[in-house]
2 protein chains.
Amino acid sequence: MSIRIGIVGYGNLARGAEAAIKDNADMTLEAVFTRRDPSSVRINTAGVPVLHTDDIKNYRDKIDVLIICGGSATDLPVQTPEFAKYFNVVDSFDNHSMIPTHFENVDKASKNGGFVSVISAGWDPGMFSLNRLYGSVILPVGETYTFWGKGVSQGHSDAIRRIDGVKNAKQYTIPVERALERVRNGENPVLTTREKHTRECFVVAEEGADKARIEKEIKEMPAYFADYDTTVNFITEEELERDHSGIPHGGFVIRTGRTNGGKSTHVVEYSLKLDSNPEFTASVLVACARAAYRFHKEGQIGCKTLFDIPPAYLSPLDGATLRKNLL
Amino acid sequence: MSIRIGIVGYGNLARGAEAAIKDNADMTLEAVFTRRDPSSVRINTAGVPVLHTDDIKNYRDKIDVLIICGGSATDLPVQTPEFAKYFNVVDSFDNHSMIPTHFENVDKASKNGGFVSVISAGWDPGMFSLNRLYGSVILPVGETYTFWGKGVSQGHSDAIRRIDGVKNAKQYTIPVERALERVRNGENPVLTTREKHTRECFVVAEEGADKARIEKEIKEMPAYFADYDTTVNFITEEELERDHSGIPHGGFVIRTGRTNGGKSTHVVEYSLKLDSNPEFTASVLVACARAAYRFHKEGQIGCKTLFDIPPAYLSPLDGATLRKNLL
């Protein structure tokens, strides 16, 4: 029987999940839930209803796993614990410092409801976290480095857009090649924020805006840009649309470690080069939905992360087939 | 309480495990078991007894997990099912085509004894298998490529040594850079054996041996070399010792996949660059020993592979600490 999936929200991440479900033959999209007027939302899958989130509890018997595609700032801290009372849920909560709190809240809700939840799925947190974990357990004497990019940072792009005189903007985070090289060489460098990443901004200014002032405001913005070497390029709205409309991302997790009392060095590198950040993230969420479904069928309850999921639970194939074909 | 480890065998892999245990504060090496005369084996850890494998059953109450460090051709198919009746065991069985049979034999023995076993741990099978699995579940529409090297292939080196007139030899497997590039570019190439890897041989010939004949025999050897572009270099025993005494290895697992109906392409790459193949493999075995110990404490029984191990079970840290620091 097919795993029946519900999606909450219909932004980029949700559309990514909708597309990913079509690539997984053991799953069916049952419904999309939105806080907007459902009649105003047109989705890409024919025959699937769009419903209001207020009605979600009526679908408890029709949905096996709910993929919650809200934002981590305000949506998920409320939605995931709320829906976890009534459904198996998966989210991509990515506010790293708040993960322990979010985990506690969702775990409590899932246990009260008798359901399973998987939080913070995606690539960071997610696949990158897994590689930090595997790296550290295999090579306990060593260092882990995470680099992001080249890719679009939504938060930094938004920060630029809030500056007076800015009409639109896209910001790319770029790892510094020299730093990557030093890590790969096993030098175990101590790297400052500035040495690890640069930031490149493409800004559309409003007619007559003071570009020098905008550039200065960007480059001096605390936390977001002040600690980085930042480049600001002013372009037209047409150029932004033509050259910067995608949402690519990626990065590197590198573990360098030593064995045999320091005599041998090993370098483990995991990298992603993603055409679409939300589509890849959604693909991880969909695989985790399968694991949540299996845990629930076994009678397990409570909150999990990718750290708690036996990798085989993510696959539609049985153990013998996996061992034969992939081990 | 410390996890008490026993090691079976005392070759390169066993010495790697012995060293790795020292880097894991929650483990203690209790004993090394050998088929040789124990008095002839000197190990690197003071105060740890070397015992004969015939006595192994007397140590059932003193050892939590046995790491079996034999070869996959003849040792492990016998030793792992035998010892799995009396101990939690971990091995690095790497004969891919025989894994299903080995799994069945070990699973049966472990279940009869009420123990947990982890087979085929290491990097291929092992970490590479995990990356093939994660890649295929996240990007179900896609292709997986595995490249090995640059590294020493023990089997191919042995095959050269069996040729008449060869005194010693080392063989390196080397991935073809152009093939790697095409895969990383998302070209999804269909690659022949010859297009993926080259083989480089360093051969010490016996005094007066016919080098042309040796080179021809190597290059035409079926299965081992005939399907590859092979280079043969004749060097002296001193040069072999000076430049080729290490056992480095490594390689790449690359998953390229498409989402959103083929509109977006993603490249996931996992690579290893290892100074010492046996030391890295042993480090994976030791982490798996921790997981076996935990499974057993929970009352689980039977055979597992890395596919079945929740990643957190490999770590000495608790879930909350892992989520806070690595997620």
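These numbers were taken from a predicted model, which means no experiment stands behind them.

Some remarks on the packing of aromatic side chains
Any aromatic ring pair is given by two values, namely how distant the centres are and how the planes are angled relative to each other.
Working step 1: With the rule as written, the count across this model stands at 11 aromatic pairs over all chains.
Working step 2: Look at A:Tyr172 and A:Phe202: their rings are 5.8 Å apart centre to centre, the planes differ by 85 degrees, and that puts the pair in the edge-to-face class. Taken together, the positions of A:Tyr172 in strand β9 (residues 166-175) and A:Phe202 in strand β10 (residues 197-205) put the pair 30 residues apart, joining distant regions of the chain. The pair formed by A:Tyr172 and A:Phe202 is uniform in burial state, with each residue classed as buried.
Working step 3: Ring centres 5.6 Å apart and planes at 70 degrees place the aromatic pair B:Phe33 and B:Tyr59 in the edge-to-face group. Here B:Tyr59 lies in the loop between β3 (50-52) and β4 (65-68) and B:Phe33 lies in strand β2 (residues 27-34), a separation of 26 residues in the sequence.

Considerations on the interface of chain A and chain B
Working step 1: At the interface, 61 residues of chain A touch 61 residues of chain B.
Working step 2: Inspection of the chain A/chain B interface yields 0 salt bridges.
Working step 3: Taken together, chain A and chain B are joined by 23 residue pairs in polar contact (both at pLDDT 80 or more).
Working step 4: Among the secondary structure elements, those contributing two or more residues to the side of chain A that touches chain B are α3 (99-113), α4 (127-138), β12 (249-259), β13 (264-274), α10 (277-297) and α11 (319-325) of chain A.
Working step 5: It is β13(A) that provides the largest number of residues to the side of chain A that touches chain B, a total of 11 residues.
Working step 6: The residue makeup of the side of chain A that touches chain B, split by class, is 32 nonpolar, 16 polar and 13 charged.

So, the relation of the copies chain A and chain B
Working step 1: Overlay of chain A on chain B (RMSD 0.1 Å): rotation 180 degrees, translation along the axis 0.0 Å. The transformation just described matches what one would write down for a two-fold rotation axis.
Working step 2: When the interface residues of chain A are mapped onto chain B, 100% of them again fall at the interface, so both copies present the same face.

Observations regarding unusual backbone geometry
Working step 1: Cis geometry marks the peptide bond from B:Asp124 to B:Pro125, where omega comes out at 5 degrees.
Working step 2: Topologically, B:Pro125 is positioned in the loop between β6 (116-118) and α4 (127-138).
Working step 3: Put simply, B:Gly149 and B:Lys150 share a cis peptide bond, and its omega is 0 degrees.
Working step 4: Within the secondary structure layout, B:Lys150 lies in the loop between β7 (142-148) and β8 (151-152).
Working step 5: We note that A:Ala223 has phi near 70 degrees; this positive angle belongs to a residue other than glycine.

Some details on the packing of helix α2 (residues 76-83) of chain A against α3(A)
Residue and element names in this part refer to chain A.
Working step 1: Taken N-terminus to C-terminus, the directions of α2 and α3 make an angle of 20 degrees; their axes are 7 Å apart at the nearest point. In terms of their interaxial angle, α2 and α3 are classed as roughly parallel. Two packed elements cross with a definite hand, and for α2 against α3 that hand is right-handed. Contacts between α2 and α3 involve Leu76, Pro77, Thr80 and Pro81 from the first element and His102, Asn105, Val106 and Ala109 from the second.
Working step 2: The residue makeup of the contact of α2 with α3, split by class, is 5 nonpolar, 3 polar and no charged.

Side note on empty space enclosed by the protein
Working step 1: Going through the model one piece at a time under the given rule, you end up with 4 cavities of 30 Å³ or more.
Working step 2: In this structure, the largest cavity spans a volume of roughly 80 Å³.
Working step 3: In terms of lining, the largest cavity is formed by A:Met127, A:Tyr270, A:Phe280, B:Asn131, B:Tyr134, B:Gly135, B:Ile138, B:Leu139, B:Val253, B:Arg255, B:Val268 and B:Tyr270.
Working step 4: Of all the elements, α4(B) adds the most residues to the lining of the largest cavity, at 4 residues.
Working step 5: By residue class, the composition of the lining of the largest cavity is 9 nonpolar, 2 polar and 1 charged.

Thoughts on the pairing of strand β2 (residues 27-34) of chain A
A regular strand carries its side chains on alternate faces of the sheet.
Residues and elements named next belong to chain A.
Working step 1: By the criterion of burial, β2 is predominantly enclosed, with 6 of the 8 residues buried.
Working step 2: Where strand β1 (residues 3-8) and β2 come together, 6 bridges link them in parallel fashion. The residue of β2 that forms the bridge with Arg4 is Thr28.
Working step 3: Here β2 runs beside strand β3 (residues 50-52); their pairing, made up of 3 bridges, is parallel. Residue Thr34 lies in a different strand from β3, and its bridge partner there is His52.

Examining the sheet that holds β10(A)
Sheets are built from strands that pair by backbone hydrogen bonding, the pairs being arranged parallel or antiparallel.
Residues and elements named next belong to chain A.
Working step 1: Pairing in this open sheet of 4 strands is mixed, and the strands run β8-β9-β10-β11 from one edge to the other. If you trace the sheet from one side to the other, it starts and ends with β8 (151-152) and β11 (229-234), each paired once.
Working step 2: On top of the sheet, helix α5 (residues 154-161) reaches β8, β9 and β10; it is set at about 145 degrees to β9, its chief contact.
Working step 3: Packed on one face of the sheet, helix α8 (residues 211-219) meets β9, β10 and β11 and runs near 150 degrees to β11.

Description of helix α6 (residues 177-184) of chain B
Residues and elements named next belong to chain B.
Working step 1: Those residues of α6 not exposed but buried are Ala179, Leu180 and Val183. Angular distribution of buried residues about the axis of α6 spans 100 degrees; they occupy a single face of the element.
Working step 2: If you follow the buried residues of α6, they end up packed against β7, β9 (166-175), α7 (193-196) and β12 (249-259).
Working step 3: Two residues or fewer past α6, Gly186 is found with a positive phi of approximately 75 degrees.

A look at the pattern of salt bridges
Working step 1: Enumeration according to the criterion identifies 36 salt bridges over all chains in this entry.
Working step 2: We note a salt bridge from B:Arg213 to B:Glu217, for which the minimum N-O separation is 3.1 Å. Note that B:Arg213 and B:Glu217 are positioned in helix α8 (residues 211-219) at a spacing of 4 residues, about one turn of the helix.
Working step 3: Using a relative accessible area of 26% as the deciding quantity, one classes B:Arg213 as partly exposed.
Working step 4: A single salt-bridge network, built from bridges that share partners, covers A:Glu177, A:Arg184 and A:Glu269.

Quick word on the side chain of B:Asp107
Residue and element names in this part refer to chain B.
Working step 1: Its place among the elements puts Asp107 in helix α3 (residues 99-113).
Working step 2: Relative accessible area serves as the criterion here: at 11%, Asp107 is assigned to the buried category.
Working step 3: Looking at Asp107, its side chain comes within polar contact range of the main-chain nitrogen of Cys303, at 2.7 Å.
Working step 4: Residues in contact with Asp107, not counting those within four places in the same chain, are Gly302 and Cys303.

So, how was this worked out
- Residues numbered from 1 in each chain as written.
- Chains lettered and ligands numbered in written order.
- Predicted model: local features only at pLDDT ≥ 70, side-chain atom pairs only at ≥ 80, totals over all residues.
- Heavy atoms only, no water.
- Phe/Tyr/Trp six-rings, centres within 6.5 Å; stacked < 30°, edge-to-face > 60°.
- Helix = DSSP H or I, 4+ residues; strand = E, 2+ residues; numbered from the N terminus.
- Buried < 20%, exposed > 50% of the residue type's maximum accessible area, 1.4 Å probe, protein only.
- Contact = heavy atoms within 4.5 Å.
- Salt bridge = Lys/Arg side-chain N within 4 Å of Asp/Glu carboxyl O.
- Polar contact = N/O pair within 3.5 Å; in protein donor to acceptor, adjacent residues only side chain to side chain.
- Nonpolar A, V, L, I, M, F, W, Y, C, P; charged D, E, K, R; others polar.
- Least-squares fit on C-alpha atoms with pLDDT ≥ 70 in both.
- Axes fitted to C-alpha atoms, helices over the stretch in contact; angles between N-to-C directions.
- Parallel < 35°, antiparallel > 145°, perpendicular 65-115°, else oblique.
- Left-handed = near helix turned anticlockwise from the far one by under 90°.
- 1 Å grid on protein atoms, 1.4 Å probe; cavity = no way out; pocket = protein on both sides within 12 Å on 5 of 7 lines; lining within 4 Å.
- Points joined across faces, edges and corners; volume = space filled by probe spheres on them.
- Pairing = 2+ DSSP bridges.
- Arc of directions from axis to C-beta.

Everything listed is a geometric property; what it means functionally is a separate question.
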